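Descriptive structure summary
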Amino acid sequence: YPYTIEKCILENSSVDECVAFGINDTLHGEKIVCIYSGECEEKELRNICKKKLLSHETPDIFKYREKLERNKNGKVDVIANKNWFIKGEKSNES
């Protein structure tokens, strides 16, 4: 559902860019993460998603990032941003 999630979130003019992806979760199998940049608050994004997306499409985790990583072609790099998120989560566990 990444495209659907990203399209929904990017409809908000205060979001500059975003990327959605799944991560493994021992309890639920997978959680949906959305990393975004812009002036929007997480609460607002969560409310937008709850109104416009199905419950299983709504991200479980929203993470603000000032600027998302891009690949050499200038596109948002899903893998690099996912790795950034996972690295941050692991450092929070310590």
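Residues numbered from 1 in each chain as written. Predicted model: local features only at pLDDT ≥ 70, side-chain atom pairs only at ≥ 80, totals over all residues. Heavy atoms only, no water.

**Looking at the sheet that holds strand S2 (residues 29-38)**
If you walk across this open sheet you meet the 3 strands as S1-S2-S3, and the pairing is mixed. What marks the edges here is a single partner per strand, and that holds for strand S1 (15-25) and strand S3 (61-64). Geometrically, the sheet is characterised by an average inter-axis angle of 25 degrees between neighbouring strands, direction not taken into account. Bridge count for S2 against S3 is 4 bridges, and the pairing is parallel. Of the residues in S3, the one forming a bridge with Cys34 is Phe62. Set on the sheet, helix H1 (residues 2-10) makes contact with S1, S2 and S3; between it and S1 the angle comes to about 145 degrees. On top of the sheet, helix H2 (residues 42-52) reaches S1, S2 and S3; it is set at about 140 degrees to S3, its chief contact. (Pairing = 2+ DSSP bridges. Helix = DSSP H or I, 4+ residues; strand = E, 2+ residues; numbered from the N terminus. Axes fitted to C-alpha atoms, helices over the stretch in contact; angles between N-to-C directions. Contact = heavy atoms within 4.5 Å.)

**Some details on the nonpolar core**
As a rule of thumb, nonpolar side chains are buried together in soluble globular proteins. Core analysis: the biggest nonpolar cluster contains 15 residues, and Ile9, Val15, Leu45 and Phe62 have the highest contact counts within it. If you list the elements that add at least two residues to this core, you get H1, S1, S2 and H2. The residues touching Phe62, leaving out its near neighbours within four places in the chain, are Ile9, Cys34, Tyr36, Glu42, Leu45, Arg46 and Cys49. Counting 7 residues, the second-largest nonpolar core is a separate cluster that includes Phe21, Val33, Ile35 and Phe85. (Core = buried A, V, L, I, M, F, W, Y, C linked by side-chain atoms within 4.5 Å. Buried < 20%, exposed > 50% of the residue type's maximum accessible area, 1.4 Å probe, protein only.)

**A word on the packing of aromatic side chains**
Describing an aromatic ring pair means giving the distance of the ring centres and the angle of the ring planes. Within this structure, the stated rule accounts for 2 aromatic pairs. Ring geometry for Phe21 against Phe85: centres 6.2 Å apart, planes inclined by 65 degrees, an arrangement best described as edge-to-face. Of this pair, Phe21 sits in strand S1 while Phe85 sits in helix H3 (residues 78-93), and the two are 64 residues apart along the sequence. When sorted by exposure, Phe21 lands in the same class as Phe85, which is buried. On the basis of an interplanar angle of 70 degrees and a centroid distance of 5.7 Å, the ring pair of Tyr36 and Tyr64 is categorised as edge-to-face. With Tyr36 in strand S2 and Tyr64 in strand S3, this residue pair connects regions lying 28 residues apart in the sequence. (Phe/Tyr/Trp six-rings, centres within 6.5 Å; stacked < 30°, edge-to-face > 60°.)

**A few points about the side chain of Glu6**
Along the chain, Glu6 turns up in helix H1. It is Arg70 that comes nearest to the buried, bridge-free Glu6 among opposite-charge side chains, at 10 Å. Other than its neighbours up to four places away in sequence, Glu6 contacts Cys18, Val19 and Ala20. (Lys, Arg positive; Asp, Glu negative; His and termini not counted. Salt bridge = Lys/Arg side-chain N within 4 Å of Asp/Glu carboxyl O.)

Interpretation in functional terms is not warranted from these geometric data alone.
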